[in-house]
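Chain and residue survey
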Amino acid sequence: MQNQTLKVLVPSYYEKFSCIGSACEKNCCEAGWDIFIDKSTYNLYRNIKDPDFKKELPNRVKRVRGEEASDHHYAYIALDENDRCSYLKDGMCSIQLEHGFKSLCFTCLIYPRNQIRKIGEVLESALSMSCPEAVRIGLYSTEPMTFKFTDLEKTHSKSLASFQHIRFEENTKNNPLAGYAIALRHACINIMQTRRLPVSDRILAIGMMLNKIREAVDVGDWDVAPVIAQKYAAMAAEGQFDGLLASFADNEDIKATIKTKIFITAMSFEKPGKYRFPNFIPCVDRLGESLGKKTEELVYLELSTMVEKGAEKYWQEFLEKRGHILENYFVNYIFANAFPFISALGIQHQILLLAETYALLRVLLCAPALHDYGITEENLIESICDVYRISMHGQMVKRMTEDYILSGMDKLAHMSFLLRD
C-alpha cells in the first residue's frame, strides 16, 4: 500500500503511547472481552501454513453466525477457562510473536486507540482509559489536556488510518442538536478545566448547562444551544458557580438510597464468582473480619462507614494534590465519546454518566485508603481502568442510569448526592 496520511485531531498525549506488553499489570488480553476478527484477518489465518497453528485454529477462532455477522465482526477468538485470549502466551500475543503484528486482527492492532470518528469535517481519535499505560501517559500531566492535529499513516490495510471511520452523523440522524456537537463539547471541556471549581462542582455546572439547553430544545429553539453553552462556560470562568454543590439542599434519606445503589454496583458480579471491581472486595472482606461478620452479612451502612472514614482522612488531600487526574479523565471521556451524544439518553441525562463515574471512583479509591494509609498508585490506576471498562465495554452504567431515571432520581438535586464529598 502506498503511504498516505490522514490529519486527525487527537489529545496531545496520543503519540506518546507505546504498549508495554507483558509488563502491563492489567493486560487487555486477560480482560474477558469479546475479540472480534474481521473477514480479511480470518482468511489470513486460514492460509497460514504453520501446522500447529492450522490444527488449533478451529478450536480457537469461531465464526460469528446470524444477524450479528458482518465483515468487521466475521469471527471471534475463543477465551480460555480464565477468560483470557487463547493466543496469550507468557503475557504476550503468540500470533504477533510468530507471525508478525500485521497478522493481528483490527481490534488488537488499534487498542487502546479509538477507531477514528468523523464529526463534521474533522477526524478524531483518543486513547481508551481502560489501559493502565494510557492512564499513565494520558492523565498524569498536571497541565490541562490540550489537543492537536497529527498525521496518521496508512501503512497497511488494517492500520487505524486505513480502516473505515465512524460517522458521527449516522448515530444522531434524528437529533438537530448534532450540528452543534463540537460547540457543546467545547463548552463541556472548558467547564471541566475550570480549576477554580472542585471537579464535583464542574460536573454539576455542566449538568445545569445541559438542562438549560434541553429546556430550549423542548420549545423547538435548537439554534440557541451554542449560545447557552458559551454563556455557561463564561459563567464558570467568572466564578458564578463557586460553591455550587453546597447550594443544593442535603437529605439523608436520599443520600442513603443513592449510596446503596453505588455499593450494589461496586459489589456486583460480571460472571458467577467474578467481580467487576476486584479491588473493592478485599476491603469488604477486611471489614467483615473486623466486625466478626461474613461478607454477605454486611449491610450498606457498614460499607458506607468504611468508605467515609477513608474519605475523611484522604479524599480531600487526593483532590488537592491529584485532582488533575480526575479532570483529565473526564476531559478525555468528553472528547473521546462525543459527549453529550454518547448514548440515546436525553441530553439532560448525560450528566448522570459523569456523576456516577465520580461517585464510583470515590468509593473505589477511598474504600482501601485506611488500610493502605492513603490512595495508592496501584489502586488509582486499577480503579480508573475498571470504571472505564464497565462504562465503555459493558452495560452496567447504562442500566444504572436507566434505574435512576425510572426511579425519578435523575434531577440535578439528586445528582448532587452522587457528587458530595
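For the structure, see preceding data.
Since the model is a prediction, treat every value here as computed from it, not as a measurement.

1. Focus on the environment of Lys-411
Note on placement: Lys-411 falls in the loop between helix H15 (396-406) and helix H16 (412-419). Assessed through its relative accessible area of 47%, Lys-411 is described here as partly exposed.

2. A word on the pattern of salt bridges
Throughout the structure, instances matching the rule amount to 23 salt bridges. With a shortest N-O distance of 4.0 Å, Glu-215 and Lys-212 are connected by a salt bridge. One end of the pair is Glu-215 and the other is Lys-212, both in helix H7 (residues 199-218) and three residues apart, which spans about a single turn. In this structure Glu-215 comes out as partly exposed when scored by relative accessible area, which is 40%. On the accessibility criterion, Lys-212 (38% relative accessible area) is partly exposed. Its salt-bridge partner being Arg-362, residue Glu-308 comes within 2.9 Å of it at the nearest N-O pair. Remark: Arg-362 occurs in helix H12 (residues 350-366) and Glu-308 occurs in helix H11 (residues 300-336); sequence separation between them is 54 residues. By relative accessible area, which is 25% here, Glu-308 ends up partly exposed.

3. Quick notes on the packing of aromatic side chains
For the structure on display, the rule yields 13 aromatic pairs. Summarising the aromatic geometry, the rings of Phe-263 and Phe-280 are spaced 6.5 Å apart at their centres and angled 15° between planes, so their arrangement reads as stacked. Taken together, the residues span a long stretch of sequence, with Phe-263 in helix H9 (residues 252-266) and Phe-280 in the loop between strand E12 (274-275) and helix H10 (281-291) at a distance of 17 residues. For the pair Phe-263 and Phe-280, one class covers both residues: buried. Between Tyr-329 and Tyr-388 the ring centres are 6.0 Å apart and the planes differ by 85°, which places this aromatic pair in the edge-to-face class. Taken together, the residues Tyr-329 in helix H11 and Tyr-388 in helix H14 (residues 377-392) connect sequence positions 59 residues apart. Through a chain of ring-to-ring contacts, the aromatic side chains of Tyr-329, Phe-330, Tyr-333 and Tyr-388 assemble into a single cluster. Over the face of the ring belonging to Tyr-87 we find Arg-60, whose NZ or CZ atom lies 4.9 Å from the ring centre.

4. Remarks on H7
Counted at 1.5 Å a residue, the expected span for H7 with its 20 residues is 28 Å, and the 29 Å between its end C-alpha atoms agrees. By the criterion of burial, H7 is predominantly enclosed, with 15 of the 20 residues buried. Immediately beyond the C-terminal end of H7, within one or two residues, lies Gly-220, with a positive phi of roughly 80°.

5. Details of the side chain of Asn-328
Tracing the sequence through the fold places Asn-328 in helix H11. Among all residues touching Asn-328, those that are not within four sequence positions of it are Gly-138, Leu-139, Ser-141, Glu-143, Pro-144 and Met-145.

6. Quick word on the packing of H9 against H12
At a closest axis distance of 10 Å, the pairing of H9 and H12 adopts a crossing angle of 65°. By the angle between their axes, H9 is roughly perpendicular relative to H12. Both H9 and H12 take part in a crossing whose hand is right-handed. Contact with H9, carried on its side by Ile-262, Phe-263, Thr-265 and Ala-266, involves Ala-359, Leu-360, Val-363 and Leu-364 of H12 and no other residues of that element. In terms of residue class, the contact of H9 with H12 is made up of seven nonpolar, one polar and no charged.

What counts as what
Residues numbered from 1 in each chain as written. Predicted model: local features only at pLDDT ≥ 70, side-chain atom pairs only at ≥ 80, totals over all residues. Heavy atoms only, no water. Helix = DSSP H or I, 4+ residues; strand = E, 2+ residues; numbered from the N terminus. Buried < 20%, exposed > 50% of the residue type's maximum accessible area, 1.4 Å probe, protein only. Salt bridge = Lys/Arg side-chain N within 4 Å of Asp/Glu carboxyl O. Phe/Tyr/Trp six-rings, centres within 6.5 Å; stacked < 30°, edge-to-face > 60°. Lys NZ or Arg CZ within 6 Å of the ring centre and 35° of its normal. Expected span 1.5 Å × (residues − 1). Contact = heavy atoms within 4.5 Å. Axes fitted to C-alpha atoms, helices over the stretch in contact; angles between N-to-C directions. Parallel < 35°, antiparallel > 145°, perpendicular 65-115°, else oblique. Left-handed = near helix turned anticlockwise from the far one by under 90°. Nonpolar A, V, L, I, M, F, W, Y, C, P; charged D, E, K, R; others polar.

Function cannot be inferred from these measures alone, as they are strictly geometric.
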